[in-house]
Amino acid sequence: MLETLLISLNEVCILLLPILGAIVLGYLILILRKVSLALTKAESVLTNVDGKINQLDAPLHTMTTLAHTVDDVHAASVRGVNKAINFLVKHMSTITAWLKELLEEYNQSNTTPEESKGEE
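Note that the structure is predicted; figures quoted are calculated from it, not measured.

(A) Local environment of the overall build of the chain. Along the backbone of the chain there are 4 helices and 0 strands. The dimensions of the chain, computed from C-alpha atoms along their principal axes, are 150 × 40 × 30 Å. Here the chain holds 120 residues, and the buried ones make up 0% of them. Of the roughly 11,200 Å² that the chain leaves accessible, carbon and sulfur atoms contribute 69%. Separation between the mean location of the 9 positive side-chain charges and that of the 14 negative ones in the chain comes to 10 Å.

Below is the structure:
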């Protein structure tokens, strides 16, 4: 009885395997076709994106040049301020003496004769 069942199952499998193989092959063909269509769309999208990226090259180059220019201006201003500070520190005594002279001359020219008499 078990032997008869196994023989029957063998005959059914011999008949069904080619049919199932054809069905699986059909699904495989459909899947490969969808993958092919997706790759074709992806290629067109990538081509479009590549064109857009190429259009951005000029503005990006301009921005890079502008950034370098700003960096150069900043560096020049820092150098200028540092030179001015170094000059002031180096010549502080001379500048102080000059300012004292100016203040004394200003004070002397702004005193009125009455103030001068009152001080004497």
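(B) Examining a nonpolar patch on the surface more closely. Together, V12, L16, L17, I19, L20, I23, Y27 and L30 make up an exposed nonpolar region whose accessible area comes to about 790 Å². With respect to the element layout, L17 can be found in helix α1 (residues 2-55).

(C) Geometry of the confidence of the model for the chain. Chain-level pLDDT for the chain is 89 on average; 92% of the residues reach the 70-or-more range. Within the chain, the element-level pLDDT minimum falls on helix α4 (residues 113-119), averaging 55, and the maximum on helix α2 (residues 57-90), averaging 94.

(D) View of the packing of α1 against α2. It is the contact of α1 with α2, at a shortest axis distance of 4 Å, that shows an interaxial angle of 35°. On α2, the residues touching I53, N54 and Q55 of α1 are D57, A58 and P59. Taken together, the residues of the contact of α1 with α2 sort by class into 3 nonpolar, 2 polar and 1 charged.

Parameters and conventions
- Residues numbered from 1 in each chain as written.
- Predicted model: local features only at pLDDT ≥ 70, side-chain atom pairs only at ≥ 80, totals over all residues.
- Heavy atoms only, no water.
- Helix = DSSP H or I, 4+ residues; strand = E, 2+ residues; numbered from the N terminus.
- Buried < 20%, exposed > 50% of the residue type's maximum accessible area, 1.4 Å probe, protein only.
- Areas by Shrake-Rupley, 256 points an atom, 1.4 Å probe, with all protein chains shown as cover.
- Lys, Arg positive; Asp, Glu negative; His and termini not counted.
- Charge placed at Lys NZ, Arg CZ, Asp CG, Glu CD.
- Patch = residues over 30% accessible without salt bridge, like charges linked within 9 Å, V, L, I, M, F, W, Y side chains within 5 Å.
- Salt bridge = Lys/Arg side-chain N within 4 Å of Asp/Glu carboxyl O.
- pLDDT = per-residue confidence, 0-100.
- Axes fitted to C-alpha atoms, helices over the stretch in contact; angles between N-to-C directions.
- Contact = heavy atoms within 4.5 Å.
- Nonpolar A, V, L, I, M, F, W, Y, C, P; charged D, E, K, R; others polar.

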